[in-house]
Amino acid sequence: MQATSPTRTEALLAVAILGLVTAAVVTEGASTSQAALAGGFGIGLAVLLLVARRWTVPALLATAAGILGYYALELPPVGVAAPAAPILYVAAQRGRVVPAAAVGGSLLIVSVAARLVEGDDISVVIGAGLGSEAALILAVIALGDAVRNRRSLRAALARQAAFAAEERRREAARQVEAERLRIAREVHDTLGHTISVITLQSAVAREALADAEPGQAEAALAAIHSVSGSAMAELRATLGTLRREPGPREPAPGFTQLRTLVEGVRRGGLPVELRLDGPVDALPTVVGSTVYRIVQEALTNVLRHAHATRATVTIRATPSGLSVEVVDDGRGSAGGAAGETGQGLRGMSERVALLGGTLDAGEASDGGFRVSVHLPLAGIAA
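Residues numbered from 1 in each chain as written. Predicted model: local features only at pLDDT ≥ 70, side-chain atom pairs only at ≥ 80, totals over all residues. Heavy atoms only, no water.

In the nomenclature of an unreviewed UniProt entry, the chain is known as histidine kinase of Micromonospora zamorensis.

Here it is, written out as structure tokens:
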């Protein structure tokens, strides 16, 4: 919305109008009454100029009428272009180019017609400053329109810059949120699996010690040591990435570590069968990391909730996509991955969605719980 209060430029133009009229009165040696009328005319034009930003067209028409009235009273000549120029400039600056041109042209036509009626020769009328007055009117209208266009362009550029800055801020916020969610998933998956295995193995160790079976207790404690060490390595790698610490990083978990994961779950007391079909080891790293986390979370939920006696992990790779299925024989929707709908399934769904895949989780056809994932491979960089 444009401002309607007069600007410093318009105030200076109003003063210039008063100066123009005063100079004409002094130069022509006008009488006291003529000087008073001319002064009133100058003040009137100045006031119209100061309100022209709010009432542009009415002020423009009133100015034209005032100029015609000025000459009808035979007051000291000041031309038609000079007293009209400020209001024409303001009108063009306000986007009223057509009304300004119409008023300016009408004043010139009326001026020429009046002088011809008075008997002046046409060559004298045209040669006596008509060209300069027409040029002045065109110049101030063009200047006002140019100033308006420049201000509009500047405002548009400012809006674009503000929009771009806001988009950059939003994108940065989105990236921060995405990174926060990624870290939350990594920490949840790592600690969730580790704590589940530690809980299970510590119970085994406690029972073994109670039954005086030191060998079984030692194996359980060794499993706790192994899984906790792996978890600490993953957490150190994650923290090192956040801190941008130099040095080698732990490789992202993938298909190679998947076999170790399954073996650790087996040592925890849950028989797990791993079936790999197709060239899974040659798949992109991001796919391997996603599959590892999905299998890890599914098996963690089986350990924590399902009370299953066995689980099967099946991974099939084809040229078009990769399927992952984790099935247990536990309590179905009463346990399994259903026990972690708050974080477990949500985390798996987010990981799968990032690669454009689909996830389905629910009761298996023969009881237990089933997690099924399909990941498209087309367009995923290695």
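**Student:** Would you explain the overall build of the chain in this entry?
**Tutor:** For the chain, the helix and strand inventory stands at 11 helices and five strands. The proportion of buried residues among the 382 residues of the chain is 38%. (Helix = DSSP H or I, 4+ residues; strand = E, 2+ residues; numbered from the N terminus. Buried < 20%, exposed > 50% of the residue type's maximum accessible area, 1.4 Å probe, protein only.)

**Student:** Looking at this structure, I do not really get helix α2 (residues 32–51). What am I missing?
**Tutor:** Because an α-helix completes one turn every 3.6 residues, residues spaced three or four positions apart along the sequence face the same direction. Between its first and last C-alpha, α2 extends 29 Å over 20 residues, near the 28 Å set by a 1.5 Å rise per residue. Among the residues of α2, those classed as buried are Ala38, Phe41, Gly42, Leu45, Ala46 and Leu49. Angularly, the buried residues of α2 cover 130 degrees about the axis, an arc narrow enough to put them on a single face. Looking at α2, the residues exposed on the side facing more than 90 degrees away from the buried face are Thr32, Ala36 and Ile43. (Expected span 1.5 Å × (residues − 1). Arc of directions from axis to C-beta.)

**Student:** What is the right way to look at the UniProt feature "transmembrane region" (unreviewed entry) in the chain in this model?
**Tutor:** UniProt annotation of "transmembrane region" (unreviewed entry) refers to residues 33–52, 97–116 and 122–144 when read in the numbering used here. For residues 33–52, helix accounts for 95% and strand for 0%, while the C-alpha atoms at its two ends are 28 Å apart. With 100% helix and 0% strand, residues 97–116 has end C-alpha atoms that lie 29 Å from one another. (UniProt positions renumbered as here; feature names shortened; annotations may be inferred.)

**Student:** Looking at this structure, I do not really get the pattern of salt bridges. What am I missing?
**Tutor:** Counted by the stated rule, this structure contains 11 salt bridges. Between Glu325 and Arg370 there is a salt bridge, with the nearest N and O atoms lying 2.8 Å from each other. With Glu325 in strand β3 (residues 321–328) and Arg370 in strand β5 (residues 369–376), this pair connects stretches of sequence that are 45 residues apart. Here the salt bridges share partners, and the residues they tie into one network are Glu166, Glu167, Arg169 and Arg170. (Salt bridge = Lys/Arg side-chain N within 4 Å of Asp/Glu carboxyl O.)

**Student:** How do you make sense of the sheet that holds strand β2 (residues 311–317) when you look at a structure like this?
**Tutor:** Across a sheet, paired strands are connected by hydrogen bonds in the backbone, their directions being either parallel or antiparallel. Read from one edge of the open sheet, five strands run β1-β2-β3-β5-β4, paired in mixed fashion. Looking at strand neighbours, the two that pair on one side only are β1 (272–277) and β4 (358–363), the edges of this open sheet. Strand-to-strand twist of the sheet, defined as the mean angle between neighbouring strand axes without regard to direction, takes the value 10 degrees. Sheet topology places β2 next to β3; seven bridges connect them, and they run antiparallel. Considered in β3, the bridge of Ala311 is made with Asp328. Sheet strands touched by helix α9 (residues 255–267): β1, β2 and β3. Its angle to β1, the strand with the most contacts, is close to 160 degrees. Against the sheet, helix α11 (residues 344–354) touches β4 and β5, its axis set at about 150 degrees to β4. (Pairing = 2+ DSSP bridges. Axes fitted to C-alpha atoms, helices over the stretch in contact; angles between N-to-C directions. Contact = heavy atoms within 4.5 Å.)

**Student:** Before we go on, may I ask you to explain the nonpolar core in this structure?
**Tutor:** The nonpolar side chains of soluble globular proteins are, as a tendency, buried together. Counting 35 residues, the largest nonpolar core has Val291, Val295, Leu299, Ile315 and Leu322 as its most contacted members. Elements that contribute at least two residues to this core include exactly α9, α10 (285–306), β2, β3, α11 and β5. In terms of residue count, the dominant contributor to this core is α10 (nine residues). Not counting residues up to four positions away in its chain, the partners in contact with Leu322 are Phe255, Val280, Leu283, Val287, Val291, Ile315, Arg316, Ala317, Val373, His374, Leu375 and Leu377. Core analysis: the next-biggest nonpolar cluster, separate from the first, contains 30 residues, Ala59, Leu75, Val90 and Val147 among them. (Core = buried A, V, L, I, M, F, W, Y, C linked by side-chain atoms within 4.5 Å.)

**Student:** How do you make sense of helix α5 (residues 97–117) when you look at a structure like this?
**Tutor:** Between its first and last C-alpha atoms α5 spans 30 Å; for 21 residues at 1.5 Å apiece the expected length is 30 Å, and the two agree. For α5, every residue scored as buried is listed here: Ala100, Val103, Gly104, Leu107, Leu108 and Val112. Looking down the long axis of α5, one finds its buried residues gathered within 160 degrees of arc, a one-sided arrangement. Seen from the open side of α5, the exposed residues pointing more than 90 degrees away from its buried face are Val98, Ile109 and Val117.

**Student:** Sorry, what's going on with the environment of Thr63 here?
**Tutor:** Within the secondary structure layout, Thr63 lies in helix α3 (residues 56–72). The exposure class of Thr63 is buried, given its relative accessible area of 2%. Taking the C-alpha atoms as reference, Thr63 lies 9.5 Å from Ala46; in sequence the two are 17 residues apart. Residue contacts for Thr63: discarding those within four places in its chain leaves Leu45, Leu48, Pro83 and Ile87.

**Student:** Sorry if this is basic, but what is going on with the pairing of β4 here?
**Tutor:** Look at any regular strand and the pattern is simple: side chains alternate between the two faces of the sheet. Relative to β5, β4 is paired through six bridges, and the arrangement is antiparallel. Following the sheet pairing, Thr358 is matched in β5 by His374. Where β4 folds back on β5, the antiparallel hairpin that results is connected by five residues, among which Gly367 adopts a positive phi of roughly 95 degrees.

**Student:** Would you take a moment to explain the packing of α2 against α3 for this structure?
**Tutor:** When two helices pack together, their arrangement is given by the angle between the helix axes and by the axis-to-axis distance. Viewed as axis vectors pointing N to C, α2 and α3 meet at an angle of 170 degrees, and their least axial separation amounts to 10 Å. As summarised for this structure, α2 and α3 are arranged roughly antiparallel, according to the angle between their axes. Note that α2 runs across α3; the crossing there is left-handed. Within the contact between the two elements, α2 uses Ala38, Phe41, Leu45 and Leu48 and α3 uses Ala59, Ala62, Thr63, Gly66, Ile67 and Tyr70. Here the residues of the contact of α2 with α3 are counted per class, giving eight nonpolar, two polar and no charged. (Parallel < 35°, antiparallel > 145°, perpendicular 65-115°, else oblique. Left-handed = near helix turned anticlockwise from the far one by under 90°. Nonpolar A, V, L, I, M, F, W, Y, C, P; charged D, E, K, R; others polar.)

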